[in-house]
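The chain contents come next:
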Amino acid sequence: MRMLLRGAAALAAVVTVASLTSGAAAHPRTGRAAEATGTVQASAAAQIPPGVTAGVAVYDREAGTFTEQVDDSAQFRSASVVKLLLALDFLWDRGPDYTIPPADRARLEPMLRGSDDDAADYYWSTYGGSAIIKRMTDRTVLGLRDTAPPPAGYPGFWGYTALSARDTVAIYRYILEKAPAPVRDFIMDNLRRSTRCSATDHFDQHFGIAGAFDKPWAVKQGWSGKYAKGTCGSQPAVSGAQAAESAAPAPRAAAAVDLTRPALHTTGTVGPDDRSIVAVLTLHPVGTSYGKAYTDIGRLTRSLSVPGAKRPAGTWFGTWGEFVNVRRGPGTGGDRMTQLPAGVEVLVGCQVRGEVVSVPPYTNEWWAYLPQYGGYISNIYISSPDNRLPNVPECPA
């Protein structure tokens, strides 16, 4: 459910320092959107970057209260977050042992772990499409208030299902607190095994929660819009299966949910015993690159008050360039692990001297270790005026 349009980063960015500590460099949220919509806005810490529209909810299960609520009833197109409802609908009332046939297990696991779109297409078309959403909203035990099927004219587009941050919290609360144990364990175990690379289109899906906090966490991410081709993985990315959304007619102005601006959502649980439920749904200006949206939702998520969360050690820096390789060692001969989204912000744990890299007129022998990737990138691609990054220690021998 995603469309592609390649963007580019400017070489001039290499002279701009973008060293950011966790939770920094975002602008405080104003009350304007809440006043316009009449929704309640209460936030201890949430910082929403300029140009970003967000619905945010953080629920502390231990205390039984929200620590963050920003426009949490606002409807967004769900993108792949709706796959939680597809899985729940399939698993509902499957008998005393909730046995999952092997063929369905082979679909559900990559749908939950890697956000596989083909599996979502199968469940949507096989089990009634929009009727799935009606069944789920009719089940009062879920407590869904803002969820709605795709708008008229888009019956096949499951990613156009309307969803809010507070409804997303309600879905996770049902899974964790009310669902039969086999259902809870199956869904949460797969979300804990979220793969960095999406199964369908090679997007790096470890943004937001997965980048802001150390494990334990469990995530179901979503993205939708005109983003550049995904570059995640050790092999060159292919154009991917984008037909579902790229074939969609132009969004109608009358649609209640914004179908135009690029969407990026991070949802899941954080901390021991899934203490906090986090839902961050965002829309970005038309033309925003995946790396920019990835960075902005990361900054927003890092700013939140999330009880039980453990923040990763290191310093955040911006990067420049496209197709920047993450290598297993500090040299171009090291195995390529993946490629970064263009211009994305990365967490640097330490740095080490390695192979000299040249991008005229610049050369640099320093390499940054990215603990969340378990690999290295040349410092030449980090937005800092110095070859050796300031305030970053050298890696142990």
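Check the entry above for the structure.
Residues numbered from 1 in each chain as written. Predicted model: local features only at pLDDT ≥ 70, side-chain atom pairs only at ≥ 80, totals over all residues. Heavy atoms only, no water.

Caption draft 1: Representation of the state of the cysteines within the structure. According to the stated counting rule, one finds 2 disulfides in the structure shown. One disulfide in the model links Cys197 with Cys232; its S-S distance is 2.0 Å. Note on the Cys197 and Cys232 pair: the S-S dihedral is about -70°, so by sign convention the disulfide is left-handed. Residue Cys197 is found in the loop between helix H7 (181-192) and helix H8 (209-212), and its partner Cys232 is found in the loop between strand E8 (226-227) and helix H9 (243-246); the two are separated by 35 residues along the sequence. For Cys197, a relative accessible area of 24% translates into the label partly exposed. Put simply, Cys350 and Cys395 are joined by a disulfide, and their sulfur atoms are 2.0 Å apart. Negative torsions about the S-S bond denote left-handed disulfides, and the value of about 95° found for Cys350 with Cys395 makes this one right-handed. Note that Cys350 is positioned in strand E15 (residues 350-359) and Cys395 in the segment after strand E17 (375-378), a separation of 45 residues in sequence. (Disulfide = S-S within 2.5 Å. Helix = DSSP H or I, 4+ residues; strand = E, 2+ residues; numbered from the N terminus. Buried < 20%, exposed > 50% of the residue type's maximum accessible area, 1.4 Å probe, protein only.)

Caption draft 2: View of the pattern of salt bridges. Per the stated rule, a full pass over the model turns up 22 salt bridges. With a shortest N-O distance of 2.8 Å, Asp138 and Lys134 are connected by a salt bridge. Residue Asp138 and its partner Lys134 are both found in helix H5 (residues 130-138); the two are separated by 4 residues, about one turn of the helix. The class of Asp138 is partly exposed, set by a relative accessible area of 48%. (Salt bridge = Lys/Arg side-chain N within 4 Å of Asp/Glu carboxyl O.)

Caption draft 3: View of the packing of aromatic side chains. Following the criterion strictly, the structure yields 19 aromatic pairs and no others. Measuring from centroid to centroid gives 5.9 Å for Phe203 and Trp223, while their planes differ by 55°, and the two rings are tilted. In this pair, Phe203 sits in the loop between H7 and H8 while Trp223 sits in strand E7 (residues 217-224), placing the two residues 20 residues apart along the sequence. Accessibility assignment for this pair places Phe203 and Trp223 in one class, buried. Through pairs of rings, three or more aromatic residues link up here, namely Phe203, Phe207, Trp223, Tyr227, Tyr290 and Tyr294. Over the ring of Tyr122 we find Arg107, and its NZ or CZ is 3.7 Å from the ring centre. (Phe/Tyr/Trp six-rings, centres within 6.5 Å; stacked < 30°, edge-to-face > 60°. Lys NZ or Arg CZ within 6 Å of the ring centre and 35° of its normal.)

Caption draft 4: Seen up close, H5. Within the sequence span of H5, burial applies to Ile132, Ile133 and Met136. Mapping the buried residues of H5 onto a view down its axis gives an arc of 95°, with all of them on the same face. Those residues of H5 hidden inside the fold are in contact with helix H2 (83-91) and helix H4 (117-126). (Arc of directions from axis to C-beta. Contact = heavy atoms within 4.5 Å.)

Caption draft 5: Representation of helix H10 (residues 290-302) in the model. For H10, which comprises 13 residues, the first-to-last C-alpha distance of 18 Å matches the rise-based estimate of 18 Å (1.5 Å per residue) to within 8%. With 12 of 13 residues buried, H10 lies mostly within the body of the structure. (Expected span 1.5 Å × (residues − 1).)

Caption draft 6: Looking closely at the packing of H2 against helix H3 (residues 102-113). Orientation of H2 relative to H3, taken along the N-to-C sense of each, is 155°, at an axis distance of 10 Å. In this view, H2 runs roughly antiparallel relative to H3, as classed from their interaxial angle. Crossing hand, H2 versus H3: left-handed. Residues Lys83, Leu84, Leu86, Ala87 and Phe90 of H2 lie in contact with H3, whose contacting residues are Asp104, Leu108, Met111 and Leu112. Taken together, the residues that form the contact of H2 with H3 break down as 7 nonpolar, no polar and 2 charged. (Axes fitted to C-alpha atoms, helices over the stretch in contact; angles between N-to-C directions. Parallel < 35°, antiparallel > 145°, perpendicular 65-115°, else oblique. Left-handed = near helix turned anticlockwise from the far one by under 90°. Nonpolar A, V, L, I, M, F, W, Y, C, P; charged D, E, K, R; others polar.)

Caption draft 7: The arrangement of the packing of H2 against H7 in detail. At their nearest, the axes of H2 and H7 sit 11 Å apart, and the two run at 150° to each other. Comparing their axes, H7 and H2 come out roughly antiparallel. As for the relative orientation of H2 and H7, their crossing is right-handed in sense. Residues Leu84, Leu88 and Leu91 of H2 form the contact with H7, whose own contacting residues are Val183, Phe186, Ile187 and Leu191. Along the lines of polarity and charge, the residues of the contact of H2 with H7 split into 7 nonpolar, no polar and no charged.

Caption draft 8: View of the pairing of strand E4 (residues 65-70). Sheet topology note: the strand E3 (residues 53-60)/E4 ladder contains 5 bridges and is antiparallel. Counterpart to Val58 in the pairing with E4 is Glu68. Counting the residues in the hairpin turn of E3 and E4 gives 4 residues, including Gly64, whose phi is positive at 70°. (Pairing = 2+ DSSP bridges.)

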